[in-house]
Structure formats: C-alpha cells, structure tokens
Amino acid sequence: MRAWLLTTGLCAAMALGAVWPADAQAPKRGGTLNYMIAADGGPSLDGHKETTYAVLHATAPFYSNLIRVNPENPSSTTDFICDLCTEMPVPTDGGLTFAFKIRGGVQFHDGTPLDAHDVAVSWRRIIFPPEGVSSAREAAYPMVDKIEDPDDRTVIFRLKFPTLSFMPALADPWSFIYSRKVLEKDQHFYERNIMGSGPFKLTSYEIGQAIHGERNPAYYQSGQPYLDGFNGIFAPKQQTRVDAIRADRAALEFRGMSPSARDQLVKELGDQVSVQESDWNCGNVFTPNHKKKPFDDVRVRKALFMAVDQWHGAEALRKIAIVRTVGGLVFPGSPFAATRDELIHFPGYGTDIENARAEARRLLKEAGAEGLTVEMLNRNVDQPYIIVGTWLVDEFRKIGVTVRQNIVPTGPWLEKMRAGDFDLAMEAYCQMVVNPIADSGRYLPHEIYKENFAYHDDPKQVEIYNRMVRETDPAKARVLMRAYENQVINVGAHQLPTLWFYRIVPMRAYVKGWKISNSHYLNQNLANIWLDQ
Amino acid sequence: MSATPADDAPDPRRTVWQSALRFCRREPLGTFGLLLVIIMALTGFSAEWIAPYNPTANDFAAMTEPPSLEHLLGTDQFGRDLMSRIIHGARTALIVGLTSAIFGGFSGLVLGVSSAYFGGKIDLIVQRLSDIVMAFPLIILALAVVAIFGPGVQNVILAITIPLIPRCSRVVRASALTIRSMPYVDAARACGFGHTRIILRHMVPNVMAPFLIMVTSFVGQAILAEASLSYLGLGVQEPVPAWGLMLQGGAEEYASTAPWIAIFPGVAIMLAVLGINLFGDALRDALDPKLRER
Amino acid sequence: MYQYILKRVLLTIPTLLGAAALVFLLMRLIPGDICLVRLGSGGASFDPKALIACHKEIGVDRPILVQFLEFIWGIIRFDFGTSMWSGKPVSTEILARLPISVEIALLATTVAVGIAIPLGTISALKQNTWIDVAVRIFAIGGIATPSFWLGIVSVLLVLDITSWVSGTPWMPPIDYVPIWKDPIRNLSMAILPAITVGYRYAAVSMRMTRSAMLEVMREDYVRTARAKGLINKLIINRHALKNALLPVVTLIGIEFAFLIGGLVVTEQVFNLNGVGRLFVQAVQNQDYTLTQALVMLTVAVFVFTNLAVDLLYGWLDPRIHFA
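These numbers come from a predicted model, not from an experiment.

Conventions used here
- Residues numbered from 1 in each chain as written.
- Chains lettered and ligands numbered in written order.
- Predicted model: local features only at pLDDT ≥ 70, side-chain atom pairs only at ≥ 80, totals over all residues.
- Heavy atoms only, no water.
- Helix = DSSP H or I, 4+ residues; strand = E, 2+ residues; numbered from the N terminus.
- Rg over C-alpha atoms; globule rule 2.2 N^0.38 Å.
- Buried < 20%, exposed > 50% of the residue type's maximum accessible area, 1.4 Å probe, protein only.
- Contact = heavy atoms within 4.5 Å.
- Lys, Arg positive; Asp, Glu negative; His and termini not counted.
- Charge placed at Lys NZ, Arg CZ, Asp CG, Glu CD.
- Areas by Shrake-Rupley, 256 points an atom, 1.4 Å probe, with all protein chains shown as cover.
- Core = buried A, V, L, I, M, F, W, Y, C linked by side-chain atoms within 4.5 Å.
- Domains from an automatic or database assignment.
- Expected span 1.5 Å × (residues − 1).
- Buried area = accessible area lost by both parts, 1.4 Å probe.
- Salt bridge = Lys/Arg side-chain N within 4 Å of Asp/Glu carboxyl O.
- Polar contact = N/O pair within 3.5 Å; in protein donor to acceptor, adjacent residues only side chain to side chain.
- Nonpolar A, V, L, I, M, F, W, Y, C, P; charged D, E, K, R; others polar.
- Disulfide = S-S within 2.5 Å.
- Patch = residues over 30% accessible without salt bridge, like charges linked within 9 Å, V, L, I, M, F, W, Y side chains within 5 Å.
- Phe/Tyr/Trp six-rings, centres within 6.5 Å; stacked < 30°, edge-to-face > 60°.

What follows is about the overall build of chain A. Regarding its fold elements, chain A presents 17 helices and 18 strands. Relative to the compact-globule value of 24 Å for 533 residues, chain A shows a C-alpha radius of gyration of 24 Å, a close match. In terms of principal-axis extent, the alpha carbons of chain A reach across some 75 × 60 × 45 Å. Across the 533 residues in chain A, those meeting the buried criterion constitute 66%. Restricting to contacts in chain A with at least 6 residues of sequence separation, those with at least 24 account for 72%. If you average the places of the 59 positive and of the 63 negative side-chain charges in chain A, the two averages end up 1 Å apart.

Here the focus is the overall build of chain B. Broken down by element type, chain B carries 13 helices and 0 strands. Summarising its shape, the C-alpha atoms of chain B cover approximately 75 × 50 × 30 Å along the three principal directions. Taken across its 294 residues, chain B has 55% of its residues classed as buried. Considering only intrachain contacts with a sequence separation of at least 6, the fraction spanning at least 24 residues in chain B is 69%. Summed over all atoms, the accessible surface of chain B reaches about 12,600 Å², with 70% contributed by carbon and sulfur. Charge-centre separation for chain B: the mean point of 21 positive side chains lies 16 Å from the mean point of 21 negative side chains.

Moving on, we come to the nonpolar core. Ranked by size, the top nonpolar core spans 325 residues in total, and within it Leu33, Leu66, Phe100, Trp123, Phe157 and Tyr484 of chain A together with Trp243 of chain B carry the most contacts. The element best represented in this core is helix H9 (residues 195-231) of chain B, accounting for 17 residues. Here this core spans two domains, and each of domain 1 (2-15 + 28-217 + 510-531) and domain 2 (279-502) of chain A adds at least three residues to it. When near neighbours in sequence (up to four residues on either side) are disregarded, phenylalanine 100 of chain A contacts Leu66, Ile67, Cys85, Pro89, Arg153, Thr154, Val155, Phe157, Met167 and Leu170 of chain A.

Under the 1.5 Å per step criterion, the end-to-end length of helix H1 (residues 2-29) of chain C is 42 Å for 28 residues, consistent within 8% with the ideal 40 Å. Turning to H1 of chain C, its buried residues are Tyr4, Arg8, Thr12, Thr15, Gly18, Ala19, Ala20, Val23, Phe24, Leu26, Met27 and Arg28 of chain C.

A separate point is the domain arrangement of chain A. All names here are of chain A. Here chain A is partitioned into domain 1 (2-15 + 28-217 + 510-531) and domain 2 (279-502). Domain 1 and domain 2 are separated by 33 Å when their C-alpha centres are compared. Taken together, the contacts link 18 residues of domain 1 with 17 residues of domain 2. Of the roughly 1,400 Å² buried at the junction of domain 1 and domain 2 (both faces included), carbon and sulfur atoms supply 73%. Put simply, domain 1 and domain 2 have 0 salt bridges between them. Taken together, domain 1 and domain 2 are joined by 2 residue pairs in polar contact (both at pLDDT 80 or more). For the side of domain 1 that touches domain 2, the element with the highest residue contribution is helix H1 (residues 2-15), accounting for 6 residues. Its residues assigned to classes, the side of domain 1 that touches domain 2 shows 10 nonpolar, 7 polar and 1 charged.

What follows deals with the state of the cysteines. Residue and element names in this part refer to chain A. By the definition in use, this model includes 3 disulfides over all chains. Across the disulfide, cysteine 282 is cross-linked to cysteine 430 (sulfur-sulfur distance 2.0 Å). Note on the cysteine 282 and cysteine 430 pair: the S-S dihedral is about 105 degrees, so by sign convention the disulfide is right-handed. Taken together, the residues span a long stretch of sequence, with cysteine 282 in strand S11 (residues 273-288) and cysteine 430 in strand S15 (residues 424-430) at a distance of 148 residues. Like cysteine 282, the residue cysteine 430 is buried in the burial classification. Here the cysteine-cysteine linkages of chain A are recorded as 1-2, 3-4, numbering only bonded cysteines and doing so in sequence order.

All names here are of chain C. Residues Val153, Leu157, Ile161, Trp164 and Val165 make up a contiguous nonpolar surface patch of about 560 Å² in total accessible area. Relative to the elements of secondary structure, valine 165 occurs in helix H7 (residues 147-166). Given the relative accessible area of 62%, valine 165 is considered exposed.

So, about the packing of aromatic side chains. All names here are of chain A. Scanning all chains against the criterion turns up 33 aromatic pairs over all chains. On the basis of an interplanar angle of 5 degrees and a centroid distance of 3.7 Å, the ring pair of tyrosine 178 and tyrosine 190 is categorised as stacked. Within this pair, whereas tyrosine 178 is found in the loop between helix H4 (166-170) and helix H5 (180-185), its partner tyrosine 190 is found in helix H6 (residues 189-192), the two being separated by 12 residues in sequence. For tyrosine 178, a relative accessible area of 0% gives the class buried.

Moving on: the pattern of salt bridges. Residues and elements named next belong to chain A. A full pass over the atoms with the stated rule returns 53 salt bridges over all chains. Between arginine 262 and glutamate 277 there is a salt bridge; the shortest N-O distance is 2.7 Å. Residue arginine 262 is found in helix H8 (residues 259-269), and its partner glutamate 277 is found in strand S11; the two are separated by 15 residues along the sequence. Glutamate 277 sits in the buried class, given a relative accessible area of 14%. Beyond isolated ion pairs, a larger network of salt bridges with shared partners links Asp297, Arg299, Glu359, Arg362 and Glu366.

What follows is the structure, encoded as structure tokens:
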C-alpha cells in the first residue's frame, strides 16, 4: 500500500508537465491584486453547499482549511500539508483513526479564537449535514464513521474502513472552517456572509460584481499574505477578460483561457505577460445512449468511435480549445494512464484513419444503420463542449452519419441525461485530486455509478473494476486498468473518452508566487501571491 | 416637395412593369433595398450551387486563414470557408425571417381583424392575451422555448414568431376598427352576407397596406432577433451556417486576431436588414395614400 | 374621464395575473431544476440525498398549487421571497443591479432624443434632399446593426486606437462604481454601452419624428401659416414640432419600457452587472423566485408605462375622446 502511495506521488509529481517560472526573488509586500473570476457572480457564498468555482475563487482567500495541497507544489497529488493542524497525523488503529492537533492562537476575523470544536463542527456539517442544510460533497466521504473533538486542540476522524482516498478527500478545498458560534445561531449565515480565519478579511462584496479583501494582520502563516488586498471581479465573457488583461484592468484570471487568448496576449503584451500551463484534470466523454436504437448495437457504437481521428483532432483543437491530450480513462501523465502504443488498438485511436472509416461504414452497413440521422445532446458552454461537439459532428459526417447538436443550458442538459432522453451526449467532467482508480469509477454502469448515462450493462467490466479496487500492487493494478479500459472503449464500446483539457493561465508578468496545478479548484487562497511592481 | 402631379392617382391601365419602373424612378433608395433583398434571396436559393465549399466541413489545414483567392472571405477557427457559410447563412436567414414574418403576420392579421369585427368579449380576451405576450420579455420566452423544445431552427422561429403576433394584431385591429364603422360593412351585413365573406371580402383587403408594411419590417426584425438569440447561445446551433451564430463564440474570441470572422457575418446581417427596411419604407410610401402626396 | 382611467387601471390586473401564470408555468416546464444545476454543474457526482435535501430547502417539493398561490400572495404584498440561487432576498438582488441598468437606459434615452429630434426634423424639412437621404440611411443603419456586434466592435476599436495613440491600451472599467462616488469612472463605463443601445433607439425615434413631422406639415393649419407667409422657423417651433412630438413621446416611453429587456445582450458584451444579465443568469440557473420577480418587474414597467402614455396622450390631445 505504501509502495502504491509512493509510486503515485512520484509519478504524478514528475509527470504533470507544469511549467513554472523560477521565482528566485524574495517576495515583496504590498499592493492590490485585481483578478477576474471567470463566471457570473451570484450563487450563495457557502463553500459547503456550492460546486461552482465562481464561489471558490471568490471566497477561498477568506477561509482556512484543516489540511491543503502544498501551495508551493500544487501539481503534486500527494503533497498535502497542514493548514490549521500542527502536523500531518500518522494513522493508528490500522489506518482507521486520524488525530489532528489544531494550531493555537488562530483567530476568526471577528476576533474570536478558533479551536478544535470549530473544525469538528464544520466537518460534521459537510459529512453529516444537519436537517435543512444541503452539503454538496456529502457523498465524497463514505469512509468516515464519526468525528470527535475531545478537547480544544484535538480533532479525531474515525473511519469505517482504511482507504488511501481519505487524505485527498480531506484536502478538499471547499471544506472551509466556519465558526461554531455563528453556525449555532444560524446554519444559513454563511450563504450570505463571510467570516473565516483566512489570509484576507472581507472589505465588501458587491453582489454579482466584485469581491474585495484586505490583509488579515492576525493571519497565522508567518509573513503572509504578501498582498495588502485584492479585488476579485466577476467577468463571465472570455473576451472581456482578455481585454481587461490587455488594458491592465486586471492582472489575471485563474480558471484557464483558450489558446487563442494566450496567443493574442503574448503577441500584444510581449514580456509584460507570463503564461503558466498544465495538463488539466478534466476530461471530455462522448456517450451513446445504449437504451436507444441503434446504439444498443455495439457495431454502431464502434463505428461512431472509429470515425473520430483523435490524433489529428488533438493537433488542431489544441489551437482553438482548452483541450490538448489524447488519452484513455486515466488522466494523462498518471502512471496508470495508457501509453500511445496501448491506445492505438482501440476504435477512435487508430493511426490509419481512412481504413478505420472504411471499416466504420462497413460496420454500419452490417448493422443496418447506414445514413443514420441523430441528435447529440450538448451543454451550451463554448469551451470546450461546443467546440469538441462541433468537431465530432464533422467526424461523424465523414462516415455518412448526420448528427444535429441539441445544445441546451445546464439544467436541461443534466435532466435529459438523467432521464435517458437523448441519443448521443457530449459530457465533460472535472476532478480535483488525481486518483486514477476512484476517478475511472465514473465509467461503471448506471446501476452502480449513478452519474453514468450510457445506461449500459457489463458484468465483466464491473468484475474487473472490483478486482482493481482491491489490488494493492501498483503494477498489477495497472494491468487491470488496461483490461478495464479495453472493456469500456473497445470490447463494449460503451463510451469514448476524447481529448483531455489543458489549462492555460496567462497573467501580467508582475504577478509572482502563484503556481498552477492540475485543477482550477486548488491553491486559491492567494496568501503566497505577491506583486513585483 | 412640390405639389401633386395629376398622374399620381393609381392608373389601372398601367402594367406591372410600368409600375415597377415608376417605383424605381421615384424610390431610388427603395430600389437599392429591393436589389439587396433580391441578391440575398437568389444567394439563399442557389446556395448549393454557388458556395465554393461545404459550409460545415472542417479543414484543420486552413484554420483562421485571412481572405485569399482560395477563401475569398477567409476561414473560421474550424477552417470552414466563411464565404460558403455566409452564402448558406442567407438561406437560414431567409427561412427564419420569412417564416416568422409570415406566420407572425398572418396570425396577427386573423386575430386583429376578427377581434375588431366581432368586438365584445372576443375582442377583450384577445386584447388581454396580446397585452400579456407584448409585455412578456422576449428573452424569457425564447429561453423557455429552447429549454423545453430544444434549439433547432423551427424552435427559434417559434420563439421569434410569438412576440410578433400581438404587435401585428394591434396594428391590424386599429385599422380594421375604422373600416368596421364604415357604412358599407353595415350594408353588407344588412344584405345577410356571412361573417367570413365580410371579413375576407371587405375588411382584409382594406387593412392590407399597413399589414404588408408591417410584415416587411418583421423580416428584418426576425433576422436581428435570431442574431441576438444566437449571441446568447439560444439560437440556431453549430454547425448549421447562420449569420447570428457566426457572430457568437468564435467571432468575439478572434475579433482582434482574425477580424474577418466577426466582420463579414455582421456586414451580411446589416446589408440584409438594411435592404429589407429600405424596401419596406419605399413600399410604405407607395402604399400609404396619406404619404403619397409629396 | 375618471371612469375611463379606472377602467384602464383595472384592465392591467388580468395582464399582470396572466403574465404571472405564464412565467410560473414556463419556468416549471423547463427540464431540470436549480438543485441539479447547483449540484451538477461542476460535473462531479453527487448524492441523490443531497438533491432531495436541496428540493426541500427551497420548497419545490410542495404541491404546485401551493407554490403558485404563495407566489401570487407574494405579489400582492410586494414580497418576492429569497433567491433560490443566492439565498438573498430577491429585492436585494434586483436593487444591486438596478442602478447600472437604469443609468444606461437614461443615458441611452438622452443620446437617442438628442440625436433623433433635431435630425428627424431636419430630415422632414429637407425631404428628398441629400440631407434627408443621409439621415435616413444613418437611421436605417441603426436599425439594421445588431447592437451586440456594434458593442464588440466599439470595445475593440477603443482598445486599438488608444493603444496606437498612447502606447497603452485602454478599456472602460469592468466593475461598476456609483456615479456619486467617482463620476468619471462611472461615466467612462456607461457611455459606450449607452451609445450602442442609444443608436438603435435614436434610429427608431428619428424615423418616427420624421414621419410625424411630415404628417403635421401637411395639416391645414400649417399650410395656412405657410400661406400667410410665416417664416419656416416660426412654423416649426410654434406649430409643427409641438404636435409632431406627441407620437414621438409615446414611442420614447414605450421604447424605454422595452429597454430594460433590451439591455440583456448589451450587458453581456460590456460585462455590466445589470438587470438584463441577472435575467439570463436567473433563467439559466432555473432560479424560479428570481425569474418570476424579474418578469413581474418588466411586465409591470411595460404595463404602467403604456397606461401612463395612453392617459397622457389623451390629456395632451383633446381630439382623442375617452370611450
């Protein structure tokens, strides 16, 4: 088990290909950072309840967490460090008990001290939400049995079963520590207000417009934050954000921009702009509905996959969309990810596309599904949903299949998939911490994994997965992952993973100290950012 | 600006060609508009034959290329030929514009005339319903239609048509009301003619002038509405070639690095709506007896 | 007269009620709901239990009739409840966005009236001269140009021109500051959107002014005045313009009511945190309470503006009789 942990950590650390500038200078103090939040503002401010990064990018600077991803090494998948605890605990009871010592001298912004009870109450609110409170990540903690706070300085997590997925789950950036006194009075206080113990204090929040913070002088991480304050401005349109960086109305946005935006900024601003890039732990999935004819026929599904020229598509789309890498079920760069040689045997990954398309036409003819005209459900988000969808539609045209895109807002998109009311669907998903075995669980049949909308049935696939989960030797687990992948993409042709996302963050060159990670949810408390002006 | 020449009265002996010629002579702006409309219509009808490329075929070897001999108007981010997309877009614009205008106008005509003719409760109900639709924000209707039925061309047409109906029925009703009080309508009733006959023979022809002017302006409005809906992601959907859609997403993203992507579809919309409006204005001047005297 | 006013006021009630029923129904016909959007928009998996808890929290698990009656009861008391998306009172949400939208609407109206009335009058007086043709083309151009396209192009032009002139590109601020706090910053943000919206608005009003002017000029009393040899300027000031303005005022009033809805697209282009953008967000998030309130607001503005215009019209123009 330890070996598994080590391999994963090592490979993840070296493999992500994050491009970091060397920051040899000592951080300067002072200045105000203007950054943009790439979304409409307006959901509640409660991190326990919300899932959109719009909330996280606005509120993370105000809060502390129990543990977090190392802000100096955020691309690592295993480098977790203490935030409010004093040292990372060594599990006892055969991996069932984790006891955290909480820092002394930490204050909430209202001056009240923060102790272990606040930590425990906040975590209970996330994992065991009280009546009338909705927690978005309740389902991420099936392993937690109970949380105890025996004294002011100790919080103990007791698990139902030992698992490696506990620590990554505990490093969840959404798990803000709230004040128990405030929660006792009003469980909904944090939906409308901000009161944490993080590096910044709220100065004002203009609904839907901007959020302003100033340095918290009582912050417990020494020397931090470096900034005097920040203005986070909501700007949902990419072009506004590009223009704003160009005119220096704001220094950057943290989510990620398209390649064309990067090229434009680099061309116009030259060395006044710096760019950080990283593979992004978000994948695109093309899902045929197995309950709809003729997609109940594996030949038809295979033919559709074969029509797609992923390698050339990747070359082209990386210029116009936030996607880049051809991959299988696993985040590219993880030791569990398939190599090119392992992928090229799958439909949709072949290198001889003419041959593949001829074969696809033959399969369609054999299945009696020539000249098919169908609809593909897609979400009305440009990057990358519509771009990838538009690419796929043209690929299908090349084997004589006419696909019309049914592009709808998020709500109907989700509802139609949940109701099975679609022929084909374009999906994309983002995960926070790379965890290949847990993450690939999303390809399991709907009966087991409720958010899988292929509506297929494959006992063999499930059997392989169950063996993989219990396997502790990474080498053997990797072999099982290949068998599982083969079952999903090739044998069953259940779903086709298409290009993985690629994160590009262009920023004004005077912004220093921030490091990109493989998820736009991580490393957002701004404490280590400084301005070189 | 001078007083009325005697030949201004409609002359039944004049042939269609003569009237057309006269229209051209008297309304140079309108003729220019008509010309634009005709070009657009011809382009739309013959799109398959005159477009140099398949408007939906991606060409990754020619992404965001500036105008050249090969691609007269350049290519978009998928390498699709803009010229071909604009040519096929003329057809989409025609379909959306004409269908919405005709359906919206015709329903408005029926509602307006019958509302005016029957009066009383029917009139009251029709008027209240059109109040509701008129006051209701178009964007909500469109969002709801698209979210419920999906975003195809026919649903876009539906979303655009609904708000046009009450606007047309209002105008038609107003002119029909004045005709209803004319003695000859009462005479027709006295003669025992049926409602349908009176409406069709006497009322409809008399509201034709404002009706035609309105329907013409609807075509332009519908094309603009489609563009706005597309901009909000609620219009026609990729990869269908449509002018409004061509201004959404990519166009804005590449506006400074590949301006042709944003400029040409915008110009196409402008010219089309300009043409329709110029023609509509001239038509109004020609049809409206009050304005004829110049 | 009073009877007429009373009747007109009473007639607004079915319109408002009908709109309320329509928005209530439409919103619930859209597949999915706000809980799904909240929990699923990140693409991560979630517990079905969380969905049920969320439904319960915002009260959409109750019978539809109860929800509807509550909504109507809320309208009567001017209480629209809390936004399902943010948990804040709907009134707070709307009031936060109102200033910028109203400011742009007012500025656009000023721009429009400032351009439309003089140009429309000149155009009518110089009918069929090159001035008239130029003004008419300018006006139709305003109607024919999609305002968002104009917005995109103008922002780009401003950036490029300032970059070329001074070396550093400039763009309007992207966050709103109230006019009493920093008038220059505020106006530099509002002026571009006001012009892009105002151009179309001006175009419509200009055409109306022109044709109203033309009609009035043919009225007998103007002809008489002319025959009497009164100079043109006097005729225009004393007689024609005053009467021609009636339909123009009507149009301006109605267009103003439409403007709040018409800002939807422009606010997207300029990153303005206004009512129009809130509208799109509310519908996309399927925030029932907020959408309902916004629809009722726009419908009410429209209905009452119309009412006011009608009554004013009748009062100004004694030829119109109240039936």
